[in-house]
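Commentary on secondary and tertiary structure
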Amino acid sequence: VVPQPVDEHVFAPPFAGLKSAQAIARFPFPFTQPVQGPYRYSVNIEPHETDGIPGSPTEHFFDVDEFYFAELQERRRALKATPQHSQVLPEVTDAAQELTHLSLARLAHSYPNYFIYSPQGHGFVWQNHLTGQAPTLFDPNAPLTESKPDPLPFLTSQLPGDWALLQQQDNQLWLKGGVVTGPASWSLSEKLGMNYLQWHSPVPDQHQVFQRSLKYLLRLPPGQPVRRKNWGLCVHPRLEMSMENRREWQHELQNTSENDLPQLVNLRVELQVLERLPKSQAIAFYIRTYFLSLAELKQNPEWASRLVQVLEELSSDIAEYKNIAGVRMLIIKYLSGARHY
Ligand code: HEM
């Protein structure tokens, strides 16, 4: 899927740009199993196996698709407006170095026509043929200093998707850093320093799911990345839905008219990957977000009927938490109604 150059914002106002038919077909729809009974939260973790299927979002470890430039442009905008979306505490600077090295090497391995990462002297030279930037020297073992700070902003200027870094201590995972410019109703600055159970505490009535998934993650061995999908609904393909900027988005869904709903409301899916880094033993959490408008989704009758079923059976506390209580009946009506709405 060839990256498309952009000159207007796709993931922030004015939300310009069209999606290709290929992007619609490869959308990582989250409800792939036939829905049996009411939708519930579950641990839903599986190995992050790359499938090698050309064009699929999991063909490679990372997905470089037609939105490559648009995502990087949005990150620059969001970081300029809200610099605290990028933070790394001293405890995880080594992990940030390790993650940057591993990720650049993976990108170059998966996309040799786009990226080169080759040894030079003590470190490596990174070349990005997509952006045409001058080659960058990166030494994963060099200590971080004031003149050579946290490498995650560099990594995330080359790779779409967000990162959080978690340190394991006292049978807990602690959020110690990352670059999160595309959060769905949360903020890195608000969660930094919290542990797994604390940052998940606003999620209604899910104590057992989080106890079980935490236990699993505490034992996650290096070299065995896992993934899960998270989903929500929002207006526009708005990547940055942070708490700092909530005035811009928090009432959008409720205020969308029935007429505008098919084009404006999007299913927002996060493909999340978790991996323990072998040297630092930190856990790296990667979030790559995809959007599909309801009108696009309705082109696939199977997806439409599964989403209808999930929305019909969603408990009211989860619907409230996901901020969709007010619009779910309208969405169900549209998706299950006649083709020409
Ligand atoms: C929601 C972070 C792993 C399940 C959230 C939220 C954050 C978050 C910040 C939003 C909480 C809020 O509303 O304030 C993370 C991080 C993870 C992680 C950094 C890395 C370890 C997991 C795992 C699971 C999980 C392994 C599997 C059970 C959920 C669920 C929600 C959630 C079900 C509610 C999402 C929704 O309905 O929109 N997570 N999470 N998370 N997380 Fe995680």
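Anyway, here's the lowdown on the structure attached to this text. Owing to the predicted nature of the structure, the values given are computational and were not obtained by experimental measurement. (Residues numbered from 1 in each chain as written. Predicted model: local features only at pLDDT ≥ 70, side-chain atom pairs only at ≥ 80, totals over all residues. Heavy atoms only, no water.)

Helix and strand counts for the chain stand at 12 helices and 10 strands. Relative to a compact globule of 341 residues, whose C-alpha radius of gyration would be 20 Å, the chain shows 20 Å and is just as compact. Its C-alpha atoms put the chain at 65 × 45 × 40 Å along the principal axes. Out of the 341 residues in the chain, the part that is buried amounts to 53%. Once local pairs closer than 6 in sequence are excluded, the contacts in the chain between residues at least 24 apart make up 70%. Put simply, the chain shows about 16200 Å² of open surface, and 52% of that area lies on carbon and sulfur atoms. Here the chain carries 30 positive and 35 negative side-chain charges, and the mean point of each set is 3 Å from the other. (Helix = DSSP H or I, 4+ residues; strand = E, 2+ residues; numbered from the N terminus. Rg over C-alpha atoms; globule rule 2.2 N^0.38 Å. Buried < 20%, exposed > 50% of the residue type's maximum accessible area, 1.4 Å probe, protein only. Contact = heavy atoms within 4.5 Å. Areas by Shrake-Rupley, 256 points an atom, 1.4 Å probe, with all protein chains shown as cover. Lys, Arg positive; Asp, Glu negative; His and termini not counted. Charge placed at Lys NZ, Arg CZ, Asp CG, Glu CD.)

Another point: the sheet that holds strand S1 (residues 46-47). If you trace the 7 strands from one edge of the open sheet to the other, you get S1-S8-S9-S10-S6-S7-S2, paired in antiparallel fashion. Where the open sheet ends on each side, the last strands, each with one partner, are S1 and strand S2 (86-88). Bridging between strand S8 (residues 226-235) and strand S9 (residues 265-276) involves 10 bridges; their strand directions are antiparallel. Bridge pairing links Gly232 to Arg268 in S9. Here helix H7 (residues 207-218) sits on the sheet in contact with strand S6 (162-169), strand S7 (172-179), S8, S9 and strand S10 (283-293), set at roughly 80° to S7. (Pairing = 2+ DSSP bridges. Axes fitted to C-alpha atoms, helices over the stretch in contact; angles between N-to-C directions.)

For H7, with 12 residues, the first-to-last C-alpha span of 16 Å sits near the 16 Å given by 1.5 Å per residue. Among all positions in H7, only Val209, Phe210, Ser213, Leu214, Leu217 and Leu218 are buried. Across the axial projection of H7, the buried residues extend over an arc of 155°, all falling on one side. Relative to its buried face, H7 has exposed residues pointing more than 90 degrees away, namely Gln208, Arg212 and Lys215. (Expected span 1.5 Å × (residues − 1). Arc of directions from axis to C-beta.)

Around the ligand sit 23 residues, and of these Tyr41, Lys191, His200, Tyr321 and Lys322 come closest. Within the side chain of Lys191, an N or O atom sits 2.6 Å from an oxygen atom of the ligand. Between the ligand and Lys322 there is a distance of 2.8 Å, counted from an oxygen atom to a side-chain nitrogen or oxygen. Of all the secondary structure elements, the ones that give two or more residues to the shell around the ligand are helix H6 (196-199), H7 and S8. For the shell around the ligand, the element with the most residues is H7, which contributes 4 residues. (Near = heavy atom within 4 Å. Polar contact = N/O pair within 3.5 Å; in protein donor to acceptor, adjacent residues only side chain to side chain.)

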